[in-house]
Amino acid sequence: MLEARDVVSGYGSVSVLHGVDLELDREEIVAVVGANGAGKSTLARTLAGLLPLRSGNIILDDTQVGASSSHSRARHGLIMVPEGRRLFAGLTVRENINLGRSAVGKRGSDPEPADVLGDIFPIIKERENQRAGLLSGGEQQQVALARALAGRPRYLLLDEPSLGLSPALTTQLFETIARIREHLPVGILLVEQMVDRALALADRAYVVERGRVVLSGTAADVAASPEVQRAYLGGAGSAPASDGPAAP
Ligand code: ATP
């Protein structure tokens, strides 16, 4: 399990996270949702080791990793796909994916489950020798996911993967994430602004506001909560029922 315990972190003199607790098991998808600037990406970056932990703990399969580098966490199975994909545009799809293997050292040296990656990402089979920079945004996001999976993560952190994608490509992306869960034993933390879609896909969810978790539970319960309906889903409480008899 990946655990965050009372995590505090931020930038410069400003703390953004004020004591966040979170758990991610293998083989579950957990969504982190909330408004712009709530601290979702800061949480993902802190978990991945890209931002230092100011206090609290991060525990990766019973080992405290809060002081470890992002590279060390990746070698221990915690890999993040950053916002904006960050592929090497001049390298081929295959070369980009291979970088994901070599980045984790010994961990990536087992024979690649090429068939598994190919099943999840048809793009790999079709376009593996094309330069990544020539692919569409949706295809590049698939390559970024495949590169991360090539490092054999036990836990995968996805920071706003739908950013910049059309609704149709976002649907494809979420289908791809569902396929990852079917094929591989990896826990997925999905940081998303597309609250409705993220909650429809996830098993559990956390709602973050101003650097604190204000609600957590099964994704269905979170989606049904009046606060989430009102603030993010435009549902109950935001409009009166328009037809049908009034309740007695
Ligand atoms: P969004 O969906 O808009 O990215 P978010 O919930 O992911 O929102 P964060 O990106 O974690 O929010 O930002 C939380 C706070 O930290 C915001 O007030 C933001 O301005 C601030 N912040 C983010 N990145 C930096 C940075 N590199 N330096 C200073 N402050 C930052």
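Residues numbered from 1 in each chain as written. Predicted model: local features only at pLDDT ≥ 70, side-chain atom pairs only at ≥ 80, totals over all residues. Heavy atoms only, no water.

(A) Seen up close, the nonpolar core. If you look at the biggest cluster of nonpolar residues, it comprises 46 residues, and the most contacted ones within it are Phe-121 and Ile-180. The element best represented in this core is helix H6 (residues 137-150), accounting for seven residues. In this structure, Ala-44, Ile-58, Val-65 and Tyr-206 belong to the second largest nonpolar core, which totals 26 residues. (Core = buried A, V, L, I, M, F, W, Y, C linked by side-chain atoms within 4.5 Å. Buried < 20%, exposed > 50% of the residue type's maximum accessible area, 1.4 Å probe, protein only. Helix = DSSP H or I, 4+ residues; strand = E, 2+ residues; numbered from the N terminus.)

(B) Region of interest: the packing of H6 against helix H7 (residues 167-183). Interhelical geometry of H6 versus H7 gives an angle of 20° and a closest axis separation of 10 Å. When the interaxial angle is binned, H6 and H7 end up roughly parallel. Seen from above, H6 lies across H7 with right-handed handedness. Residues Gly-138, Gln-141, Gln-142, Leu-145 and Leu-149 of H6 form the contact with H7, whose participating residues are Leu-169, Leu-173, Thr-176 and Ile-180. Along the lines of polarity and charge, the residues of the contact of H6 with H7 split into five nonpolar, four polar and no charged. (Axes fitted to C-alpha atoms, helices over the stretch in contact; angles between N-to-C directions. Parallel < 35°, antiparallel > 145°, perpendicular 65-115°, else oblique. Left-handed = near helix turned anticlockwise from the far one by under 90°. Contact = heavy atoms within 4.5 Å. Nonpolar A, V, L, I, M, F, W, Y, C, P; charged D, E, K, R; others polar.)

(C) Main features of the side chain of Arg-73. For Arg-73, the location among the structural elements is in helix H2 (residues 70-75). Although Arg-73 is buried, it makes no salt bridge; Asp-61 carries the closest opposite charge, 13 Å away. Among the polar contacts made by the side chain of Arg-73, one reaches the main-chain carbonyl oxygen of Thr-46 at a distance of 2.9 Å. Not counting chain neighbours up to four residues away, the residues in contact with Arg-73 comprise Thr-46, Leu-47, Ala-48, Gly-49, Ile-58, Leu-60, Val-65, Gly-66, Ala-67, Ser-68 and Leu-78. (Lys, Arg positive; Asp, Glu negative; His and termini not counted. Salt bridge = Lys/Arg side-chain N within 4 Å of Asp/Glu carboxyl O. Polar contact = N/O pair within 3.5 Å; in protein donor to acceptor, adjacent residues only side chain to side chain.)

(D) Molecular detail of the sheet that holds strand E5 (residues 63-64). With respect to topology, four strands assemble into an open sheet ordered E2-E1-E4-E5, the strand pairing being antiparallel. Because the sheet does not close on itself, it has two edges, and the strands there are strand E2 (14-24) and E5. In this structure, strand E1 (residues 2-11) lies alongside strand E4 (residues 55-60), joined through five bridges in antiparallel fashion. The residue bridging Ala-4 from the neighbouring strand is Ile-58, located in E4. Where helix H1 (residues 40-48) meets the sheet, its contacts fall on E1, E2 and E4, and the angle it forms with E2 comes to roughly 70°. (Pairing = 2+ DSSP bridges.)

(E) Summary view of the pattern of salt bridges. Per the stated rule, a full pass over the model turns up seven salt bridges. For Arg-204, the salt bridge goes to Glu-28, with nearest N and O atoms at 2.9 Å. Here Glu-28 lies in the loop between E2 and strand E3 (29-33) and Arg-204 lies in strand E9 (residues 204-209), a separation of 176 residues in the sequence. What makes Arg-204 partly exposed here is its relative accessible area of 23%. Its relative accessible area of 11% is what places Glu-28 among the buried residues. Measuring nitrogen to oxygen at the nearest pair gives 2.9 Å for the salt bridge that ties Arg-94 to Glu-128. Linking Arg-94 in helix H3 (residues 93-102) with Glu-128 in the loop between helix H5 (122-127) and H6, this pair joins segments that are 34 residues apart in sequence. Within the structure, one salt-bridge network assembled from shared partners comprises Glu-3, Arg-5 and Glu-23.

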